[in-house]
Amino acid sequence: MNRKTYVIYYEWPNTANNHAGMAYLFRTLKMHNKKEMQLIRIPGRINEWGRYMQKVYRYFLVFALRLLTTSSDKILFVEYLGNRSGNQTEIAKKLIEYGVKAKLYGIVHLSASHLRELYGNDDYVKTGLSQLEKVIVLGSSLQGYFISLGFQSKVICTFHYVDTNYYKPAESKANNSRLRVIAMGSLKRNHNALREIIASSPEVDFDVCMGNTNLENVFNDLQNVILHGFLAEDELLKLMQQADISISVIDDTIGSNVITTSLACGLPQIVSNVGSIKDYCNESNSILCESNFEFVAAIEKLKNDVELRQEMSKFSTEKSKDFDILNFNSWFVNNILVS
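Trainee: I would appreciate a short explanation of the sheet that holds strand 6 (residues 155-157) in the present structure.
Mentor: Two strands in a sheet stick together by hydrogen bonds in their backbones, pointing the same way (parallel) or opposite ways (antiparallel). Spatially, the six strands line up as an open sheet ordered 2-1-3-4-5-6, and their pairing is parallel. Each edge of the open sheet carries a strand with a single partner, namely strand 2 (37-42) and strand 6. The mean inter-strand angle of the sheet, taken between neighbouring strand axes irrespective of direction, is 20°. As judged from the four bridges shared by strand 1 (residues 5-10) and strand 3 (residues 74-77), these two strands associate in the parallel manner. The residue bridging threonine 5 from the neighbouring strand is lysine 74, located in strand 3.

Trainee: For this particular structure, what's the right way to read the environment of leucine 237?
Mentor: Its place among the elements puts leucine 237 in helix 9 (residues 233-242). Judged by relative accessible area, leucine 237 falls into the buried class, the value being 10%. For leucine 237 and alanine 170, which are 67 residues apart along the polypeptide, the C-alpha to C-alpha distance reads 9.2 Å. Not counting the four nearest positions on each side in its chain, leucine 237 is found in contact with Tyr166, Tyr167, Lys168 and Cys265.

Trainee: Please clarify how the pairing of strand 7 (residues 180-183) should be interpreted in this entry.
Mentor: Every other side chain in a regular strand lies on the same face of the sheet, so the side chains alternate between the two faces. Summarising the sheet, strand 7 and strand 8 (residues 205-211) pair through four bridges and their orientation is parallel. Bridge assignment links arginine 180 to a residue of strand 8, and that residue is aspartate 205. Judged from the three bridges that link them, strand 7 and strand 10 (residues 245-248) form a sheet pairing that is parallel. Looking at strand 10, one finds that isoleucine 182 is bridged to serine 246.

Trainee: Help me understand the packing of aromatic side chains in this model?
Mentor: Any pair of aromatic rings gets described here by the distance separating the centres and the angle formed by the planes. Enumeration according to the criterion identifies twelve aromatic pairs in this entry. Aromatic pair tryptophan 49 and tyrosine 57: ring centres 6.0 Å apart, planes at 80°, arrangement edge-to-face. In this structure tryptophan 49 comes out as partly exposed when scored by relative accessible area, which is 31%. Seen from their ring centres, phenylalanine 328 and tryptophan 331 are 5.5 Å apart, and the 50° between their planes marks the pair as tilted.

Trainee: Help me out: how do you make sense of the packing of helix 11 (residues 292-304) against helix 12 (residues 306-320) in this one?
Mentor: When two helices pack together, their arrangement is given by the angle between their axes and by how far apart the axes lie. Interhelical geometry of helix 11 versus helix 12 gives an angle of 100° and a closest axis separation of 5 Å. With respect to their mutual orientation, helix 11 and helix 12 come out roughly perpendicular. Contact residues: Lys301, Leu302, Lys303 and Asn304 in helix 11; Val306, Leu308, Arg309 and Met312 in helix 12. Partitioned by chemical class, the residues of the contact of helix 11 with helix 12 number four nonpolar, one polar and three charged.

Trainee: Even after reading the chapter, I still don't get a nonpolar patch on the surface, so can you show me in this structure?
Mentor: Together, Trp49, Tyr52, Met53 and Val56 line one region of the surface with nonpolar side chains, adding up to about 410 Å² of accessible area. Within the secondary structure, tryptophan 49 sits in the loop between strand 2 and helix 2 (51-68).

Analysis parameters
- Residues numbered from 1 in each chain as written.
- Predicted model: local features only at pLDDT ≥ 70, side-chain atom pairs only at ≥ 80, totals over all residues.
- Heavy atoms only, no water.
- Pairing = 2+ DSSP bridges.
- Helix = DSSP H or I, 4+ residues; strand = E, 2+ residues; numbered from the N terminus.
- Axes fitted to C-alpha atoms, helices over the stretch in contact; angles between N-to-C directions.
- Buried < 20%, exposed > 50% of the residue type's maximum accessible area, 1.4 Å probe, protein only.
- Contact = heavy atoms within 4.5 Å.
- Phe/Tyr/Trp six-rings, centres within 6.5 Å; stacked < 30°, edge-to-face > 60°.
- Parallel < 35°, antiparallel > 145°, perpendicular 65-115°, else oblique.
- Nonpolar A, V, L, I, M, F, W, Y, C, P; charged D, E, K, R; others polar.
- Patch = residues over 30% accessible without salt bridge, like charges linked within 9 Å, V, L, I, M, F, W, Y side chains within 5 Å.
- Areas by Shrake-Rupley, 256 points an atom, 1.4 Å probe, with all protein chains shown as cover.
- Salt bridge = Lys/Arg side-chain N within 4 Å of Asp/Glu carboxyl O.

Here you go:
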């Protein structure tokens, strides 16, 4: 039987054409599984279209999938329940309404708290999950949330990938005269808490990567901060490779590009003990913190203990191999393509 998985994905501008993000992941998987996969890219500017044109696109896609697929096929939504990515939840609804027989799978990236913020309560999430044969999550905390909603039999838990051929420690690293800490990411980040931590660590230098968010009003009065706007991937990689530590002050998290790529670059992690962080970080490569005081103490500890930093760096690189993209490909083949 010739079975095929149709992968519907959206390419976010901040990860377009680089080695992170779901678009790169599934283009790579396609190279390894050419006959078993078909990629369908949702137009990048779809959020700028009017409602009518978005509706026309969804109906066109549903009609095409109805013609192309059979009951032995699968349709995988890469950004499910994240409706700024072409409203894949609505596409799934229409596929069911129009009698598409392929099994529907979805990957959900947003944390439980983020989903509740977006949709107000659990009702929309329950309706969306009920449309799927299986839901894939990148962290155990989201798995627990979906199980609590009654979807235990549908949830598959795996982990966020990283391309360790690209993200890796520098071949030669400058000896920083002061401890250098990098902060990246914007999703569910607590920038006000990060500001207090930086202000309490005046003998440490911080690189704060703002992405597309302007944080100058938060940090511009601090002398030990360099703010970086949106960076090309190679520029961000070089910044990571020259840092000593990665810091993530977060309110919630599941799988994270920031965590996996900085682990692969050999950076010890100082992170908030929330969400699914323990799926990625442990005491060998990270210091997990519950308060601003603990963050400041962790920075001070690693500032004064070079040997500990070096040891944690080694364990960070080793841990990142668990999340390598080729391992993800093996998982994907065994659990999605041939299951």
